[in-house]
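Overview (structure and organization)
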Amino acid sequence: MPFRSVKEQLDVIKRNTVEIIPEEELEKKLEKSLKENKPLIVKLGCDPSRPDLHIGHGVVLQKLRDFQDLGHKVILIIGDFTAMIGDPSGKNKTRPPLTIEETKVNGKTYFDQASKILSEKNLEIRYNSEWLGNMTFSDVIKLASKYTVAQILERDDFEKRMESKTPISLHELLYPLSQAMDSVAISSDVEIGGTDQKFNLLVGRAIQEAYGQESQCIVTCELLEGTDGVEKMSKSLNNAICFTDSPKDIFGKSMSIPDALIYKYFTLGAMLSFEELTEIKKQLEDPSINPRNLKVRLGYELVKKYYDEESANYAQHEFETIFVKKEVPDDIPEFKLDAKEVKLVTLIKEANMASTSSEAIRLIKQGGVTIDGRKITDDKFVIKPEKDFVLKVGKRKFLKVLV
RNA sequence: GGGUAGGUAGCGAAGCGGUUAAACGCAUCAGACUGUAAAUCUGACGGCUUAUGCCUUCGGAGGUUCGAAUCCUUCCCUACCCA
């Protein structure tokens, strides 16, 4: 398949990226690829210890997709072997290592989710245990000799951990090197990652060179803040909009982001076209337009991107019903009640509306529980239902109880 | 190898023999309010079918005591300084 001109390709590649290092080299690679009609090898490393993808990952995956659409070959590396080390980034703590089996399962999950964005064309998946698992100790020593302690310790995470006196295990220092080895193994031309991966990606360049290869170019993408607006998006920080979230959740979570983040989410999350973004920007600056309405649009666009238009409409409708009109949504889970009478606490717990009875009691006492819209604050309340009823626990848990 | 400081609930961090299920902050959840699952304010925040009751928690295991997160012994783990 014919490639587009270098300039056109660069335009696509540059969109929503932070840095291309070094840009001239990428240009040369693209020229060469065009001349020889040979696709570039584009690498993305995936961490199977955290298989829950969120829209922050979406930014990077979309970039990968761009490369696919430009006709290049994308290799997704499932870091099943490196997961046994645990990437020291993100959390300033040593991560619990995973077994190879766990990482295999997670890798599959990762891929399933990633295919919401990636195309099947021009895609290859490799597990890095394939080559890292076969390295002998002397191979490791050879690899380790290519980089210095001072260079490794330059990495931001390590520096911070040294400062705060949190432990760094020796094997964690090897993480950037093993990731670099992946680049050597597949002779990647380009590696993509979030800006937090910059260090690792650069190590890849150095190690490839040390192994007699041409260095990869690196393309970094912006990180998306989580719904709290402060920390970067991460499942463990509970501020992530995940690929696997229900349309309802994606919508609701979008509504909960701070106003300042609206534009960024439209750009990086929903990835609207340039024209649409300009329009959004204009609306954001217009004081007569309620930012809430833009968030409604955002929620809609995100659901549309990750599900479809119908789900988006539905999620929006549900949100309006529950939170604006404060009504019961159309579609709520059902629970068949067998007994003639039951304590409310028991029912809440058994229907999984609360995880413990203490929690159920708390919810009742705090006025968070209603039956058919009637607030129940007596924690000893016993239900003797004659007909079906709707139980509401907290803000957004509904249950239709069938008698 | 020598020394010092530590390991407390989801996280951070007080407490250092009794009224301590354990201050405080963050996170979480609920209520009020609203433009929203935003912000703010208020409250809850170990478990038990609910009890001025019982059970389980302060790195692990023992011990002293009427009583231990707090004292002792021992083991495990971490950081820092010196070598």
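Values in this document were obtained by computation on a predicted structure and should not be read as measured data.

Conventions used here
- Residues numbered from 1 in each chain as written.
- Chains lettered and ligands numbered in written order.
- Predicted model: local features only at pLDDT ≥ 70, side-chain atom pairs only at ≥ 80, totals over all residues.
- Heavy atoms only, no water.
- Axes fitted to C-alpha atoms, helices over the stretch in contact; angles between N-to-C directions.
- Helix = DSSP H or I, 4+ residues; strand = E, 2+ residues; numbered from the N terminus.
- Parallel < 35°, antiparallel > 145°, perpendicular 65-115°, else oblique.
- Left-handed = near helix turned anticlockwise from the far one by under 90°.
- Contact = heavy atoms within 4.5 Å.
- Near = heavy atom within 4 Å.
- Polar contact = N/O pair within 3.5 Å; in protein donor to acceptor, adjacent residues only side chain to side chain.
- Phe/Tyr/Trp six-rings, centres within 6.5 Å; stacked < 30°, edge-to-face > 60°.
- Buried < 20%, exposed > 50% of the residue type's maximum accessible area, 1.4 Å probe, protein only.
- Lys NZ or Arg CZ within 6 Å of the ring centre and 35° of its normal.
- Core = buried A, V, L, I, M, F, W, Y, C linked by side-chain atoms within 4.5 Å.
- Pairing = 2+ DSSP bridges.
- Right-handed = clockwise from strand over helix to strand, strands pointing away.

All right, on to the packing of helix α13 (residues 262–270) against helix α15 (residues 291–306) then. Contact pair α13 / α15: the axes reach a minimum separation of 10 Å and the direction vectors enclose 10°. Taken as axis vectors, α13 and α15 run roughly parallel relative to one another. For the pair α13 and α15, the crossing hand works out as left-handed. Along the contact surface, α13 presents I262, Y265, F266, G269 and A270, while α15 presents P291, L294, K295, R297, L298, E301, L302 and K305.

Our focus in this paragraph is the protein's contact with RNA strand B. As a structural note, the neighbourhood of RNA strand B is formed by 36 residues, with M255, S256, S357, I361 and R362 the closest of them. The share of sugar and phosphate among atoms of RNA strand B within 4 Å of the protein is 64%. Measuring from a base oxygen of RNA strand B, one finds a side-chain N or O atom of K326 at 3.2 Å. Between RNA strand B and the protein, one listed contact pairs a phosphate oxygen with a side-chain N or O atom of S357 at 2.4 Å. Residue contributions to the surface near RNA strand B peak at five residues, all from helix α18 (residues 357–365).

This part covers the environment of N134. Structurally, N134 can be placed in the loop between α5 (129–132) and α6 (137–144). The sequence separation of N134 and V18 amounts to 116 residues, and the corresponding C-alpha distance is 35 Å. Contacts of N134, omitting those with residues within four sequence positions, involve S129 and D139. Here the side chain of N134 touches E130 through a polar contact of 2.9 Å, landing on its backbone oxygen.

Before going further, it helps to examine the packing of aromatic side chains. Here the structure, examined in full by the defined rule, presents three aromatic pairs. For the ring pair F243 and Y306, a centre distance of 4.7 Å and an interplane angle of 50° mean the geometry is tilted. Placement of the pair is F243 in the loop between β6 (217–221) and α12 (247–255) and Y306 in helix α15, with a sequence separation of 63 residues. You can call Y306 buried: its relative accessible area is 5%. Taken together, a centroid distance of 5.3 Å and an interplanar angle of 55° make the contact between F251 and F319 tilted. Taken together, the residues span a long stretch of sequence, with F251 in helix α12 and F319 in helix α16 (residues 309–324) at a distance of 68 residues. On the basis of relative accessibility, which here comes to 0%, the residue F251 falls in the buried class. One aromatic cluster is present, formed by F251, F319 and F323 through successive ring pairs. Directly above the ring of Y307 sits K116, whose terminal nitrogen or CZ lies 4.2 Å from the centroid. Over the ring of F158 we find R155, and its NZ or CZ is 5.2 Å from the ring centre.

Moving on, we get to the nonpolar core. In terms of nonpolar packing, the biggest core is built from 59 residues, with L26, L61, L64, I192, Y265 and L302 touching the most fellow members. Looking at which element gives the most residues to this core, the answer is α15, with seven residues. With residues up to four places along the chain from it excluded, the contact list for Y265 reads I55, L224, E225, G226, T227, M233, I241, I257, A270, L298 and L302. L344, V345, I364 and L391 belong to the second largest nonpolar core, which has 21 residues in total.

A few words now on the sheet that holds strand β12 (residues 389–393). If you walk across this open sheet you meet the five strands as β7-β13-β12-β9-β10, and the pairing is mixed. Lying at the two open borders of the sheet, with one neighbouring strand each, are β7 (334–336) and β10 (374–375). The pairing of β7 with strand β13 (residues 397–402) spans three bridges and is parallel. Following the sheet pairing, F335 is matched in β13 by V401.

Attention now goes to the pairing of strand β2 (residues 41–46). Taken together, the six bridges between β2 and strand β3 (residues 73–78) define a ladder with parallel strand orientation. The residue bridging G45 from the neighbouring strand is I77, located in β3. You can see the chain leave β2, run along helix α3 (residues 55–69) and come back into β3, and the turn it takes is right-handed. Relative to strand β5 (residues 190–194), β2 is paired through three bridges, and the arrangement is parallel. Counted as the bridge partner of L44 is I192 from β5.

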